[in-house]
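Survey of secondary and tertiary structure
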Amino acid sequence: MTGGSEAPRVPPLDPEVAAALAAADGRARQVLTPERLAAWQEADAAARPRPTPEQLRDGGRFEVTELRVPRADGDGEVTLVSARPAGVREELPLLYYLHGGGLVTGNAFSVLPRLLRGWALPLGLAVVSVEYRLAPRTRFPGAVEDCYAGLRWAAEHADELGVDARRVVVGGKSAGGGLAAALALLLRDRGGPAPVGQLLLSPMLDDRGGTFSSRQLAGHDTWDRTSNATAWQAVLGDRYGAADLPPYAAPARATDLSRLPAAYVEVGSAETFRDEAVAYADAIWRAGGDAELHVWPGACHGFDTLAPHAALSRDAHDARTRWLRRVLRP
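This write-up is about the structure you can find in this document. (Residues numbered from 1 in each chain as written. Predicted model: local features only at pLDDT ≥ 70, side-chain atom pairs only at ≥ 80, totals over all residues. Heavy atoms only, no water.)

Considering the overall build of the protein
Our working rule: We count a stretch as a helix when DSSP gives it H or I for four or more residues in a row; a strand needs E for two or more, and each element gets its number in order from the N terminus. Just to be clear, the radius of gyration here is over C-alpha atoms, and the globule rule we use is 2.2 Å times residues to the power 0.38. For every residue, the accessible area (1.4 Å probe, protein chains only) is compared with the maximum for its type, and the residue is labelled buried under 20%, exposed over 50%, or partly exposed between those bounds. Whether two residues are in contact is decided by their heavy atoms: any pair within 4.5 Å suffices. Exposure was quantified through the Shrake-Rupley algorithm and a 1.4 Å probe, taking into account, for residues, occlusion by the shown protein chains and nothing else.
Along the backbone of the protein there are 12 helices and 8 strands. In terms of C-alpha radius of gyration, the protein reaches 19 Å, essentially the compact-globule figure of 20 Å for 330 residues. Its C-alpha atoms give the protein principal-axis dimensions of roughly 65 × 40 × 40 Å. By residue count, 55% of the 330 residues in the protein fall in the buried class. Counting contacts in the protein only where the partners sit at least 6 residues apart, residues at least 24 apart contribute 75% of the total. Approximately 14,300 Å² of the protein is accessible, and the part contributed by carbon and sulfur atoms is 50%.

Things to note about the pairing of strand β8 (residues 291-296)
Note the threshold: One requirement defines pairing of two strands: DSSP has to find at least two bridges between them. A clockwise path from the first strand over the helix to the second, with the strands pointing away from the viewer, defines a right-handed crossover.
Summarising the sheet, strand β7 (residues 262-268) and β8 pair through 6 bridges and their orientation is parallel. The partner of Val-265 across the bridge, within β8, is Leu-293. Crossover β7 to β8 through helix α10 (residues 274-286) is right-handed.

Points about the nonpolar core
It is characteristic of soluble globular proteins that their nonpolar side chains tend to be buried jointly. Rule in force here: To form a nonpolar core, buried Ala, Val, Leu, Ile, Met, Phe, Trp, Tyr and Cys residues must be joined to one another through side-chain atoms within 4.5 Å.
Core analysis: the biggest nonpolar cluster contains 66 residues, and Leu-80, Tyr-96, Leu-98, Tyr-132, Leu-183 and Tyr-280 have the highest contact counts within it. Among the elements that make up this core, the one with the highest residue count is helix α7 (residues 175-190) (10 residues). Excluding residues that lie within four positions of it along the chain, Tyr-96 makes contacts with Leu-80, Val-128, Val-130, Asp-146, Cys-147, Gly-150, Leu-151, Val-168, Val-169, Val-170, Gly-171 and Leu-183. Tyr-264, Ala-299, Cys-300 and Val-327 belong to the second-largest nonpolar core, a separate cluster that totals 38 residues.

Notes on the packing of aromatic side chains
Formally: Think of it this way: a Phe, Tyr or Trp ring, Trp meaning its six-membered ring, pairs with another when their centres are within 6.5 Å, and the plane angle makes it stacked under 30 degrees, edge-to-face over 60, tilted otherwise.
Going through the model one piece at a time under the given rule, you end up with 1 aromatic pair. Ring geometry for Tyr-264 versus Trp-323: centroids 5.7 Å apart, planes at 50°, classification tilted. Of this pair, Tyr-264 sits in strand β7 while Trp-323 sits in helix α12 (residues 311-327), and the two are 59 residues apart along the sequence. Exposure class is identical for Tyr-264 and Trp-323. Each is buried.

Quick notes on the sheet that holds β8
Note the threshold: Here an axis means a line fitted to C-alpha atoms, over the contact stretch when the element is a helix, while the angle between two N-to-C directions is reported on a 0 to 180 degree scale.
Read across the sheet, 8 strands follow the order β1-β2-β4-β3-β5-β6-β7-β8 without closing on themselves; strand pairing throughout is mixed. In this open sheet, the two edge strands, each paired with only one partner strand, are β1 (62-70) and β8. Taken over all neighbouring pairs, the strand axes of this sheet differ in orientation by 20° on average, direction set aside. Of the strands in this sheet, β1, β2 (77-85), β3 (92-98), β4 (126-131), β5 (163-173) and β6 (197-201) are in contact with helix α4 (residues 112-123), which crosses β4 at around 155°. Contacting β6, β7 and β8, α10 runs over the sheet at an angle of about 160° to β8.

Quick look at α4
All buried positions along α4 are accounted for by Leu-112, Leu-115, Leu-116, Gly-118, Trp-119, Ala-120 and Leu-123. Of the residues one or two after α4, Gly-124 is the one with positive phi, at around 65°.

And the structure:
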């Protein structure tokens, strides 16, 4: 037992993940603070790959189109990147994907090579990746409204995209996973379009930072409570910590998780988001819903990007793939 004044013990890391983290030489555990936010965004924009549509076509293996669609409020446009295996004429199921980056960094292009290789080809599906607006330049509800506008457009133009509007999964990792959960709630409450699944990978769900895992992994995880609080403050501004914050901002605030699409919820045992992700899956079950929960032992936040060839990362990819294949079955 730990004493009241002792810091909580931290779950052990998977050996392959620990080795990759050590090889990163501290870069993977940098902490985001409000004072560092602008420099953090600048560094990420410079370092994160942003492949062109031509590069994403990969010598003709994929058809890739950059689209600009109107926002719901008529104020500007949202950029979507639509991609599918080349030469396939029949309607394909759609993975509508929202990138990670703490809601303050990232782009719609960098995630696509992995999605196209890992799922579009083997599963025969189309992918639409969303370039939603980032905080603090755009605060809530800008990002989730961008995601909503893009999905509504995609559903209305399913024939043009060559996708089956009845087989759509909304998904994302980290901030993107939180946005996917928020989008599923928003779509339910606005009456559609109705996805068949939500793929929530280490989702960023709770702005309050009050879970045990948030305290337990402080200073240890690759995305810890300080970084998380900084990002949420950037997104919410004066509404940060407000008692009446809507669930479309932070899905963990939702009190009604009924009538949602089937959920795949994944998190690591050694990451900040562990307890909020587990609680979200539990709340879906309590509401009579369908959720598949995986807590990967020894996984930190972003473990599969950090150690893509680790057995744990391969297991996680296989489990996600099995769920996608099952939920997108005709």
